[in-house]
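Summary of the model geometry
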Amino acid sequence: MNLHEYQAKQLLKKFNVPVQEGIACNTPGEAEEAYKQIHTQYGSNYAVVKAQIHAGGRGKGKITGKEQKGVAVGKNAEDVKQIAQNILGGTLVTLQTGPAGKVVNKVLVAQDVYYEGPNPVKEFYLSILLDRTKKQNVIMYSTEGGMNIEDVAHNTPEKIFKEWVYPGGNLEAFQARKIAFNLGLKGEAFKNCVKFVTNLYQAYVGLDCGMLEINPLFKTSDEKIIAVDCKMNVDDNALMRHADVASLRDVTEEDPTEVEAGQYNLNFVKLDGNVGCMVNGAGLAMATMDMIKLSGGEPANFLDVGGTANAETVEAGFRIILKDPKVKAILINIFGGIVRCDRVAQGVIDAYQSIGNINIPIIVRLQGTNADVAKKLIDESGLKVQSAILLSEAAALVNKAVA
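Being a predicted model, the structure only gives us computed values, none of them experimental.

Taken as a whole, this structure holds zero disulfides when the rule is applied. Cys-193 forms no disulfide, and the closest cysteine sulfur to it belongs to Cys-230, at a distance of 15 Å. Just so you know, Cys-230 is unpaired, no disulfide at all, and the nearest cysteine sulfur is the one on Cys-209, 7.9 Å from it.

Glancing now at unusual backbone geometry. Cis geometry marks the peptide bond from Asn-215 to Pro-216; its omega dihedral reads 10 degrees. With respect to the element layout, Pro-216 can be found in strand β12 (residues 209-219). A positive phi angle is found at Asn-16, which is not glycine, with a value near 60 degrees. Along the polypeptide, Asn-16 turns up in the loop between α1 (5-13) and β2 (22-25). Of note, Lys-135 is a non-glycine position whose phi angle comes to about 60 degrees, a positive value. Its place among the elements puts Lys-135 in the loop between β9 (122-131) and β10 (136-142).

Here we take up the packing of aromatic side chains. One pass over the structure, following the stated rule, counts three aromatic pairs. Ring centres 4.5 Å apart and planes at 50 degrees place the aromatic pair Tyr-114 and Phe-218 in the tilted group. Of this pair, Tyr-114 sits in the loop between β8 (107-111) and β9 while Phe-218 sits in strand β12, and the two are 104 residues apart along the sequence. Among the residues examined, Tyr-114 registers a relative accessible area of 40% and is labelled partly exposed. Plain terms: the ring middles of Tyr-141 and Phe-161 are 5.3 Å apart, the flat faces sit at 20 degrees to each other, and that makes the pair stacked. Placement of the pair is Tyr-141 in strand β10 and Phe-161 in strand β11 (residues 160-165), with a sequence separation of 20 residues.

Another aspect to go through is the pairing of β8. Burial of β8 is extensive: five of the five residues sit out of reach of the surface. Two elements, β2 and β8, share four bridges in a ladder whose sense is antiparallel. Bridging across to β8, Ala-24 finds its partner in Leu-108. When strand β3 (residues 47-51) meets β8, the two strands line up antiparallel, connected through five bridges. When the bridges of β8 are listed, Val-48 appears paired with Ala-110.

Moving on, we come to the side chain of Asp-208. Take Asp-208: it is sitting in the loop between α6 (187-206) and β12. In this structure the side chain of Asp-208 is engaged in a polar contact, spanning 2.9 Å, whose partner is the side chain of Arg-241. Those residues in contact with Asp-208 that sit more than four places away from it in its chain are Val-234, Asp-235, Ala-238, Arg-241 and His-242.

Moving on: the sheet that holds β2. Strand order in this open sheet of four strands is β2-β8-β3-β5, and the pairing throughout is antiparallel. Looking at strand neighbours, the two that pair on one side only are β2 and β5 (71-74), the edges of this open sheet. In this sheet, neighbouring strand axes are inclined to one another by 25 degrees on average, regardless of whether the strands run parallel or antiparallel. Packing against the sheet, α1 makes contact with β2, β3 and β8, and its axis sits at approximately 50 degrees to β8.

Conventions used here
Residues numbered from 1 in each chain as written. Predicted model: local features only at pLDDT ≥ 70, side-chain atom pairs only at ≥ 80, totals over all residues. Heavy atoms only, no water. Disulfide = S-S within 2.5 Å. Helix = DSSP H or I, 4+ residues; strand = E, 2+ residues; numbered from the N terminus. Phe/Tyr/Trp six-rings, centres within 6.5 Å; stacked < 30°, edge-to-face > 60°. Buried < 20%, exposed > 50% of the residue type's maximum accessible area, 1.4 Å probe, protein only. Pairing = 2+ DSSP bridges. Polar contact = N/O pair within 3.5 Å; in protein donor to acceptor, adjacent residues only side chain to side chain. Contact = heavy atoms within 4.5 Å. Axes fitted to C-alpha atoms, helices over the stretch in contact; angles between N-to-C directions.

Rendered as structure tokens:
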């Protein structure tokens, strides 16, 4: 589950991770009042207005039909209000959103941390995630923080450092010091960085994060180390341990069909192909998607109905798949281990009759418990549903459907 920047920062503060302070706002008027509050508390005449969407590249992205970027600096209350007005309700297009962009429903008005002082300011990059090749959490960091970190990784990979953490253990003190040293920090900034990285890793583990990215990690003029931005992803499977985090979910940022699928406990991911597939089991689903490609089609989705498929879940899966206008055929591939094939077959028939006129071919392959009964049910239903026994037969029917 992805979180907005303002949500992620609030969670980091619980682990004593210093962040750029700010106030989330839903209207231009709220943004104006937030500026006044920040100006009073921190004394700066400037404030940063940031669009809150689940995508990166906001500083370079633009609101459709306007010259307004997703991140902008306001010099006074009226300026902040105008920027918020330009952003809120608009569609922000970035490299990560694609051309469709995302509608902005909230902005974060944040304190200005780029003030002048006795020491130069500096931007760094730092992220924590799982390195699947080594089966260890890894901290990736660089002296080159900011909006072009992807270019740094591509053009100067030697500037990207990595520190792995032994499974089940904590980040060691010497590792935190090594990170601060490689970032070129000294004195008070060095000490603050060691504390920051240590607490950040505790937040990563404590919140069951899948990814935690700070860009930029910022050294202020008075030698503080703070998170100016934060992207956080929390493992869906761990949300049962974090009711407070689960309550932060913003379904408006997610694909509507994936949200609907979740209501029926369906594992669904929308893709760009032309063959909808409904399968039980993630491994079989992946194999089915491969088969669709080999037969000349492209999978339109990943849909795992799980081991307890019934008429309701099958019908829900049908309805979700049929919402995609690109779908030219639907392939149902079920192995009856826990679930009985005849139950799935009856679910297909009930769903077909409930939905009504379905104008695309439906191919059903059922193997396992009561597969013979299931095939008989399908064949005698009188519906335009084609049954197959072998994968090769299902592949041939898919090829014919999309040709």
